[in-house]
Amino acid sequence: MKDLDYRFFPILLLSLLRMANAFSNGLAIPLYYYQAGYNPTLIGFLSAAMTLTYFFSPMLLENIPDQFGKKKSLIFSVGGTLILQSFFQISLELLLFFILRAAEGVLLGLFWSILISSISLVCSMEGIEEDNFFTRASLLATMSKDGKPNVMSVLWRSIGELWMYPVITVAVSPSRYSYELLTKGIREFTLNVPSDKISSAIDICGTYSGRNTDKFNLANLTIIPGKRVKVPTIKDCVLSYECKIIHETDSGNIEPHHLFFGEILAAYTLKEEI
Ligand SMILES: Cc1cc2nc3c(=O)[nH]c(=O)nc-3n(C[C@H](O)[C@H](O)[C@H](O)COP(=O)(O)O)c2cc1C
C-alpha cells in the first residue's frame, strides 16, 4: 500500500524551484570553470557524468520513498541538498565540486520520484472518486474511548477541500450510536467504500445499531488497523479514508443531522494505498 500525499502543491512548487536551480547551475557552472582556465574536455566529461546522474537517479530511486516513507525521504532530500550546497560555498575545486553536484543529483532524484508519484496519485484519485465515492454508499467506522470500533452505513457524505485541508464531511443523525462515538469517543473516523464482495454489509450496518450488535461480526467484515488514526479501516473496500475531526456543526433545519468534518490523513484503494 502506498501513501497518498495530499500536500502536493507545496512539493510541486519546491520542485519547480529546484529544477530552476539545477538548470541555471547546469549552465553557469561549466562556463565558470571554462573561464577559470580548466581543461574543457574534463569539464565536458564531468558535466555529462553529472547530467547522467540527474537523469537516472529518479528511475533508480523510484521505490525508495514508498519503503522509507515520503516525509522522511523529502526531509532527507531537501536537508541533504542544503548541506551539500553549503559545501559548494567552501570549495570550488573542480573534481570535488562535481562529486558534490552528482550527490545533489541523487538527492534530486529522490525528490523527483516523490513528485511524480504525487502527481500520478492525485490524477488517479480523480477517476476513483467519480467512479466510486459518490455512487456507492459508504461504511463509516468509529471508535469508543476504550477502543471498541463500530460501523454504520452513510449516504450523506462529501469530499473536497476546506481551509486548504482535504476534507470528508459526513452527516450523522444524533440518534445513531455512531454520533455518540464521534462526539464522546475517539475524535476520528474512517470512511470506507465497499467493493461488491462486501456490499451486503451496507444493509446490515444501516439497520442494526452498534449499541447492541457487533456489526463487524454480523456483516463478516475484517478490520484493518488504522495507519494514521486509531479507528480501523475495513478490508475489501475500493476506497478507505482515515480522517481526524477538525470541525463539526448542525446541518440546519432540513434534517436533524450533525455534520462532522474530517481532515483526510491517509487514503487507500483496494489494491494499494494511493
Ligand atoms: C444506505 C444507507 C445510508 C444511510 N445513510 C445515513 C447517513 O448518511 N446518515 C445517518 O445518520 N444515517 C444513515 N443511515 C442510517 C444508519 O446507517 C443506521 O441508522 C445505523 O443503524 C446506525 O448505526 P449505529 O447506531 O451503530 O450508529 C443510512 C442507512 C442506509 C441503509
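Rules used throughout
- Residues numbered from 1 in each chain as written.
- Predicted model: local features only at pLDDT ≥ 70, side-chain atom pairs only at ≥ 80, totals over all residues.
- Helix = DSSP H or I, 4+ residues; strand = E, 2+ residues; numbered from the N terminus.
- Buried ≥ 20, exposed ≤ 12 C-beta atoms within 10 Å, placed from the backbone.
- Pairing = 2+ DSSP bridges.
- Axes fitted to C-alpha atoms, helices over the stretch in contact; angles between N-to-C directions.
- Contact = placed C-beta atoms within 7 Å.
- Arc of directions from axis to C-beta.
- Near = placed C-beta within 6 Å.
- pLDDT = per-residue confidence, 0-100.
- Core = buried A, V, L, I, M, F, W, Y, C linked by C-beta atoms within 7 Å.

A. Here's a closer look at the environment of Phe-111. Looking at the element boundaries, Phe-111 is found in helix α5 (residues 94-133). The class for Phe-111 is buried, based on 26 C-beta atoms found within 10 Å. Counting along the chain gives 34 residues from Phe-111 to Ser-77, while the straight-line C-alpha distance between them is 6.0 Å.

B. Focus on the sheet that holds strand β3 (residues 157-162). In spatial order, the strands read β2-β1-β5-β8-β9-β4-β3; together these seven strands make up an open sheet with antiparallel pairing. The strands lining the two open edges of the sheet, one partner per strand, are β2 (149-154) and β3. Geometrically, the sheet is characterised by an average inter-axis angle of 35° between neighbouring strands, direction not taken into account. Relative to β2, strand β1 (residues 138-143) runs antiparallel, the two being bridged by six bridges. Looking at the pairing, Ala-141 lines up with Val-151 of β2. Helix α6 (residues 177-184) contacts β1, β2, β4 (165-172), β5 (188-194), β8 (237-250) and β9 (258-269) of the sheet and is inclined by roughly 50° relative to β1.

C. Examining α6 more closely. Every buried residue of α6 is accounted for by Tyr-177, Ser-178, Leu-181 and Leu-182. Axial view of α6: buried residues confined to an arc of 140°, hence all on one face. Close packing links the buried residues of α6 with β1, β2, β4, β5, β8 and β9.

D. Local environment of the site of the ligand. Looking at the ligand, there are 21 residues lining it, with Trp-156, Ser-178, Gly-206, Ser-209 and Gly-210 nearest. The set of elements that each furnish at least two residues to the shell around the ligand consists of β2, β4, α6 and α7 (201-207). No other element matches β2, which puts four residues into the shell around the ligand.

E. Focus on the confidence of the model for the protein. Overall, the predicted model of the protein reaches an average pLDDT of 83, with 85% of residues at or above 70. Contacts for the low-pLDDT stretch residues 1-6, under 50 throughout, to residues beyond four places or in other chains number 20 contacts.

F. Broad picture of the nonpolar core. Core analysis: the largest hydrophobic core is formed by 34 residues, its most contacted members being Leu-139, Leu-140, Ala-141, Val-151, Val-170, Phe-189 and Leu-191. Secondary-structure elements contributing two or more residues to this core are β1, β2, β4, α6, β5, α7, β8 and β9. Per-element tally for this core: the top contributor is β9, with five residues. Not counting residues up to four positions away in its chain, the partners in contact with Leu-140 are Val-151, Met-152, Val-154, Val-170, Ser-178, Phe-189 and Leu-191. Membership of the second largest hydrophobic core comes to nine residues, among which are Leu-74, Trp-112, Ile-114 and Leu-115.

G. Local environment of unusual backbone geometry. Its identity as a non-glycine residue notwithstanding, Asn-220 has a phi of 60°, on the positive side. Relative to the helices and strands, Asn-220 is located in the loop between α8 (215-218) and β6 (223-224). A tally of 11 C-beta atoms within 10 Å means that Asn-220 is categorised as exposed. Even without glycine at this site, Asp-236 takes up a positive phi of about 65°. Structurally, Asp-236 is set in the loop between β7 (233-234) and β8.

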